Amino acid sequence: MPELKELLSRCAAVADDPAAQLKTVVAQGRRAIGVLPYFCPEELAYAAGMLPFGLWGAQTQISQAKRYFPAFYCSLAQTTLEMGLRGELDALSGIMIPISCDTLKGMAVNWKYGVGEKVPVVNVCFGLNRRVGAEAYNLAQLRRILRQLEGLAGRNVAPEEIAAAIAVYNENRAVCLRFAALAGAHPELVTPAARSAVLKAGYFMDRAEHSALVGQINDLLALAPEQPWKGLRLVTTGILADMPELLKILEDNRIAVVADQVAHESVSNRTPTPVTDDPLLGMAQRLDRLEGCSVLFDPGKQRGRELVRLAQDAHADGVLWVMAKFCDPEEYDFVPVRRMLDKAGIPVLSVEVDQQMVNFEQARSAVETFADILR
Amino acid sequence: MSETPEKIPAKLLLRQLQERIEQDVWDAKKRGEKIGWCASNFPQEITTAMDIKVAFPENMGAAVGAKGGGQRMCEHAEDMGYSNDLCSYSRINFAYADLKTCEELEIPMPDFLLCCNNICNCMIKWYENLALELDIPLLLIDIPHLDEKECDADRVAYIRAQFDDCIRQLEEITGKKMDYDRLRSVMEVSQRSSKAWLRAIDCMKYTPSPFSGFDVFNNMAVACIGRGTAEAAEAFEALADEYEALAREGKSSFKGEEKYRVLFEGIACFAHLRETYKALQQRGINLTATIYGPAFSFLYSNLDELMAAYALVPNCNSFERDLELRLHDAVKNKVDGAVFHVNRSCKNWSGNLYELERQFRERTGLPTITFDGDQSDPRCFSAAQYDTRVEALAEIMAANKSAKEAGEHA
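Quick caveat, the model's predicted, so the values are computed rather than measured.

Enquirer: Break down the overall build of chain A for me, citing the residues and quoting the values.
Expert: When its secondary structure is counted, chain A shows 15 helices and eight strands. The C-alpha atoms of chain A give a radius of gyration of 20 Å, which matches the 21 Å a tight globule of 375 residues would have. Its C-alpha atoms give chain A principal-axis dimensions of roughly 55 × 50 × 40 Å. A total of 375 residues make up chain A; the buried ones form 63% of that total. For chain A, contacts bridging at least 24 residues in sequence account for 74% of all contacts bridging at least 6. Element-wise, carbon and sulfur atoms account for 52% of the exposed surface of chain A, whose accessible area totals about 14,000 Å². For chain A, the separation between the mean place of its 39 positive charges and that of its 45 negative charges on side chains is 3 Å.

Enquirer: Outline the interface of chain B and chain A, listing residues and values.
Expert: Contacts between the two partners involve 50 residues from chain B and, on the opposite side, 51 residues from chain A. Carbon and sulfur atoms make up 55% of the surface buried where chain B meets chain A, a total of about 4,400 Å² over both sides. Ranking the residues of chain B by area buried against chain A places Lys125(B), Leu132(B) and Lys347(B) at the top, with a combined share of 15%. At the junction of chain B with chain A, the criterion picks out eight salt bridges.

Enquirer: Give me the pairing of strand S3 (residues 112-116) of chain B: which residues, what numbers.
Expert: All names here are of chain B. Here S3 lies mainly inside the structure; five of its five residues are buried. Direction of pairing for strand S1 (residues 36-38) relative to S3: parallel, over a ladder of three bridges. Counted as the bridge partner of Gly 36 is Phe 112 from S3. Sheet analysis places S3 next to strand S4 (residues 138-141), joined by four bridges and oriented parallel. Its bridge partner being in S4, Cys 116 is matched across the sheet by Ile 141.

Enquirer: Requested: an account of unusual backbone geometry, with residues and values cited.
Expert: A cis amide bond, omega 15°, links Pro37(A) with the succeeding residue Tyr38(A). Note that Tyr38(A) resides in the loop between strand S1 (32-35) and helix H3 (42-47). Note that the residue after Thr207(B), namely Pro208(B), is joined by a cis bond; omega there is -5°. Residue position: Pro208(B) is located in the loop between helix H8 (180-202) and helix H9 (215-225). The phi angle at Phe39(A) is positive, at roughly 65°, despite the residue not being glycine. The topology assignment puts Phe39(A) in the loop between S1 and H3. Non-glycine residue Asp135(B) carries a positive phi angle of around 55°.

Enquirer: I'd love a proper account of the confidence of the model for chain B, names of residues and values included.
Expert: On average, residues of chain B score 95 in pLDDT, and 98% of them are at 70 or above. For this predicted complex, the interface confidence score (ipTM) comes to 0.97, while the overall pTM stands at 0.97.

Enquirer: Lay out the packing of helix H1 (residues 10-30) of chain B against helix H10 (residues 230-248) of chain B in plain terms, naming residues and giving numbers.
Expert: Two measures define how a pair of helices packs: the angle their axes make with one another and the distance between the axes. All names here are of chain B. Contact geometry for H1 and H10: axes closest at 8 Å, N-to-C directions at 160°. In terms of their interaxial angle, H1 and H10 are classed as roughly antiparallel. Every pair of crossing elements has a handedness; the one defined by H1 and H10 is left-handed. Taken together, the residues of H10 that come into contact with H1 (itself represented by Ala 10, Lys 11, Leu 13, Leu 14, Leu 17 and Arg 20) are Glu 231, Ala 232, Ala 235, Phe 236, Ala 238, Leu 239 and Glu 242.

Enquirer: Describe the environment of Ile267(B), with residues and values.
Expert: Residues and elements named next belong to chain B. Turning to its location among the elements, Ile 267 is positioned in the loop between strand S5 (260-265) and helix H11 (273-281). Ile 267 sits in the buried class, given a relative accessible area of 9%. Put simply, Ile 267 and Thr 290 are 23 residues apart on the chain and 9.2 Å apart in space, counted from C-alpha to C-alpha. Not counting residues within four places of it along the chain, the set of residues in contact with Ile 267 comprises Tyr 89, Tyr 292, His 341, Asn 343, Trp 349 and Gln 375.

Enquirer: I'd like to hear about the packing of aromatic side chains, residue by residue, with values.
Expert: Here the structure, examined in full by the defined rule, presents 27 aromatic pairs over all chains. Taking the centre distance of 6.0 Å and the plane angle of 65° together, the rings of Tyr332(A) and Phe94(B) count as edge-to-face. Linking Tyr332(A) in helix H14 (residues 328-343) with Phe94(B) in helix H5 (residues 88-99), this pair reaches from one chain into another. Each of the two residues, Tyr332(A) as well as Phe94(B), counts as buried. Taking the centre distance of 4.0 Å and the plane angle of 5° together, the rings of Tyr82(B) and Phe94(B) count as stacked. Here Tyr82(B), found in the loop between helix H4 (70-79) and H5, pairs with Phe94(B), found in helix H5; they are twelve residues apart in sequence, far enough to count as distant. An aromatic cluster is present here, built from Phe214(B), Phe217(B), Phe264(B), Phe270(B), Tyr277(B), Phe371(B), Phe381(B) and Tyr386(B) joined pairwise through their rings. The positively charged end of Arg207(A) is found above the aromatic ring belonging to Tyr203(A), 5.0 Å away from the centroid. Against the face of Tyr68(A) rests Arg358(B), its NZ or CZ located 4.7 Å from the ring centre.

Enquirer: Can you lay out the layout of surface pockets for me, pointing to particular residues and giving the numbers?
Expert: All names here are of chain A. When its volume is computed, the second largest pocket comes out at roughly 780 Å³. Considering the residues around the second largest pocket, the lining is formed by 32 residues, among which Ala 15, Asp 16, Asp 17, Pro 18 and Lys 200 are closest to the centre. Of all the secondary structure elements, the ones that give two or more residues to the lining of the second largest pocket are helix H1 (4-16), helix H2 (18-27), strand S2 (51-54), helix H8 (192-201) and helix H10 (244-252). The greatest single-element share of the lining of the second largest pocket, amounting to six residues, is contributed by H1.

Enquirer: Let's hear about H9(B): which residues, and what values?
Expert: The element H9(B) is largely enclosed, with a buried count of ten among its eleven residues. Taken as a whole, H9(B) has its buried residues at Asp215(B), Val216(B), Phe217(B), Asn219(B), Met220(B), Ala221(B), Val222(B), Ala223(B), Cys224(B) and Ile225(B).

Enquirer: Can you explain the nonpolar core? Please cite residues and give values.
Expert: If you look at the biggest cluster of nonpolar residues, it comprises 269 residues, and the most contacted ones within it are Met96(A), Trp111(A), Leu149(A), Trp37(B), Ile46(B) and Tyr292(B). Top element by residues in this core is helix H7 (residues 159-185) of chain A. It accounts for ten residues. Formed by 18 residues, the second largest nonpolar core is a distinct cluster that contains Val258(A), Ala311(A), Val319(A) and Met340(A).

Calculation rules
- Residues numbered from 1 in each chain as written.
- Chains lettered and ligands numbered in written order.
- Predicted model: local features only at pLDDT ≥ 70, side-chain atom pairs only at ≥ 80, totals over all residues.
- Heavy atoms only, no water.
- Helix = DSSP H or I, 4+ residues; strand = E, 2+ residues; numbered from the N terminus.
- Rg over C-alpha atoms; globule rule 2.2 N^0.38 Å.
- Buried < 20%, exposed > 50% of the residue type's maximum accessible area, 1.4 Å probe, protein only.
- Contact = heavy atoms within 4.5 Å.
- Areas by Shrake-Rupley, 256 points an atom, 1.4 Å probe, with all protein chains shown as cover.
- Lys, Arg positive; Asp, Glu negative; His and termini not counted.
- Charge placed at Lys NZ, Arg CZ, Asp CG, Glu CD.
- Buried area = accessible area lost by both parts, 1.4 Å probe.
- Salt bridge = Lys/Arg side-chain N within 4 Å of Asp/Glu carboxyl O.
- Pairing = 2+ DSSP bridges.
- pLDDT = per-residue confidence, 0-100.
- Axes fitted to C-alpha atoms, helices over the stretch in contact; angles between N-to-C directions.
- Parallel < 35°, antiparallel > 145°, perpendicular 65-115°, else oblique.
- Left-handed = near helix turned anticlockwise from the far one by under 90°.
- Phe/Tyr/Trp six-rings, centres within 6.5 Å; stacked < 30°, edge-to-face > 60°.
- Lys NZ or Arg CZ within 6 Å of the ring centre and 35° of its normal.
- 1 Å grid on protein atoms, 1.4 Å probe; cavity = no way out; pocket = protein on both sides within 12 Å on 5 of 7 lines; lining within 4 Å.
- Points joined across faces, edges and corners; volume = space filled by probe spheres on them.
- Core = buried A, V, L, I, M, F, W, Y, C linked by side-chain atoms within 4.5 Å.

Shown next, in the form of structure tokens:
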């Protein structure tokens with residue numbers, strides 16, 4: 001069995017070069033569908049034989065995207081559009097864009113007119129009101145999206161294929177959740193960067209292959225002896241926490257990420273799709289059950305309550321809020337959720353990040369100061 | 001011999017009606033009735049039919065911005081931890097919910113919240129926070145964004161389910177029962193108001209327009225908060241009659257000669273209303289097309305169509321439908337150019353603005369400008385930038401006009 005280091009390196013190689021991964025997949029004759037956050041029905045693309053390819057922006061500078069977005073839009077949207085405009089995503093057969101927030105509404109139109117002739121848009125617009133009627137509406141939307149994906153795949157999809165795809169994704173969610181827990185228990189073996197890379201790699205791989213790879217990592221971690229961790233234990237929250245410089249700052253300060261409520265990482269994995277006779281119904285039901293993300297309708301701020309529980313259960317020293325610059329949903333959530341953390345006696349540090357950042361000195365100072373206070 | 005009472009100008013009627021509606025909310029609160037805060041595009045048919053009084057935080061935000069309190073209130077919200085990236089209406093409202101006082105304008109504190117995201121998804125986050133802070137119920141009508149031109153049956157069914165559920169919840173909260181005969185009556189009156197408001201706005205098609213387009217930003221308050229009342233219908237009909245009378249006589253309340261006509265895209269910069277108006281007016285530029293006509297007119301003939309109408313509001317529409325509305329108005333109202341407001345507070349509106357401007361310009365051949373501003377935070381506007389760009393637009397419109405006249409005489 002490969003050693004842990006080799007397995008982690010394989011994940012890092014995929015996570016660090018998604019373009020190469022896309023090229024390989026397409027060269028093998030498989031179509032790929034771009035998937036923007038949040039909660040797109042990837043299983044449907046997978047069932048149609050296509051690879052869902054996660055698009056969460058990139059660390060790059062924007063230029064062409066400025067013709068579409070004013071400066072005050074999040075870098076996730078801007079850099080993804082930038083890649084599209086540069087032609088870097090032309091290999092995709094389509095792109096799923098969910099209308100989860102006001103920025104993504106703009107993204108859907110800007111992509112359509114900027115890139116859409118080469119990479120057509122599949123709009124994903126789910127209902128948010130879980131109290132009333134969203135399930136029925138979302139079921140109708142899933143059927144609509146499936147028809148569009150079938151058109152892009154050039155074939156029909158049978159319910160059994162969707163059920164099989166759901167099983168693959170549920171397995172992957174469970175494997176990733178287990179990995180996050182084991183990585184949190186063994187920070188001496190899994191650095192924050194390695195942890196991020198393992199979870200990130202799944203966005204560019206066939207999820208069945210990713211499960212197999214991460215499963216091997218989990219087996220090795222489960223066998224590793226317990227080692228006391230002399231550093232700090234933090235829970236991260238936010239949209240994205242994969243910036244290499246930020247992760248290096250955590251490592252330099254001997255900070256372990258013991259759990260996360262990050263949209264890019266564990267948020268989606270916490271809610272499996274229920275198995276139902278009509279697999280689309282299960283997918284619609286899952287949408288009703290999702291929690292912990294600022295783009296969901298969350299009248300009682302369950303997101304905050306969940307974060308407090310996560311931090312308490314993980315015996316964390318504090319919470320690191322990786323605040324995506326210009327992200328309205330996160331900015332709205334910050335005030336009430338911070339109050340909940342304060343009330344629970346959980347220290348929190350918010351560090352604003354942007355995928356165009358090149359200078360992380362301010363973030364470094366903030367993290368070092370936070371770490372000093374916590375020690 | 002009895003004297004004929006002097007007719008009250010429609011503009012004043014609307015102002016008085018607005019004040020009365022706002023006072024009614026205070027009076028209801030004093031009587032011990034449950035009152036709410038309501039999103040501007042929430043189906044007012046429900047609250048009007050049930051005689052439930054509601055105040056509108058967005059309208060308050062605009063008024064506070066216009067009266068000079070925007071920065072102070074926004075800064076208070078920022079001291080609370082809210083980012084200055086967020087919608088200034090919401091920041092003003094968070095500050096108010098915390099302070100419970102505001103020298104420019106106050107509204108009674110709510111017992112419940114009525115949220116509808118057809119105007120933007122930020123509404124949901126805003127109202128979630130209020131509900132938690134004030135420990136009051138939040139009722140949501142979620143209206144998914146349209147990516148097609150029409151509202152399909154699935155959306156209508158979803159919206160209808162929430163509409164009905166809101167009624168049930170409001171009955172529990174307020175103790176007031178929905179009278180469906182009254183609802184039908186309110187729907188009819190709302191049609192009357194909406195059509196009259198549209199008729200009034202439609203008068204901008206005349207040359208000269210019988211009124212300054214900036215008046216729309218004042219008069220639309222009643223279209224938002226009172227269109228389900230007979231008084232609003234009467235006031236809008238009076239307004240439309242006045243405008244049509246002025247148009248027949250070739251007169252206008254626009255100060256000065258109307259040399260050029262523009263479409264104004266976006267919300268007004270309420271914190272800089274005078275400056276944005278003056279820079280145009282002094283150059284003889286009148287606003288003769290704005291989306292705020294259809295924005296507060298909901299046309300339907302039954303409940304299902306009502307649901308669809310609330311999904312077809314400008315900020316919820318498909319881009320293509322939105323563009324067609326602007327193009328239609330630009331042609332009908334004979335605009336010479338367009339001004340696009342890149343509103344710092346509104347990601348929903350500004351996210352497609354550049355593409356909207358591009359396609360508008362390509363389809364009409366008209367000159368366009370953009371400027372940076374904000375609906376009620378005064379810090380995001382540069383008078384120098386605005387003035388420079390308006391000057392450039394005026395020059396191009398002047399050159400185009402000269403060329404056209406030369407061509408006609410050739």
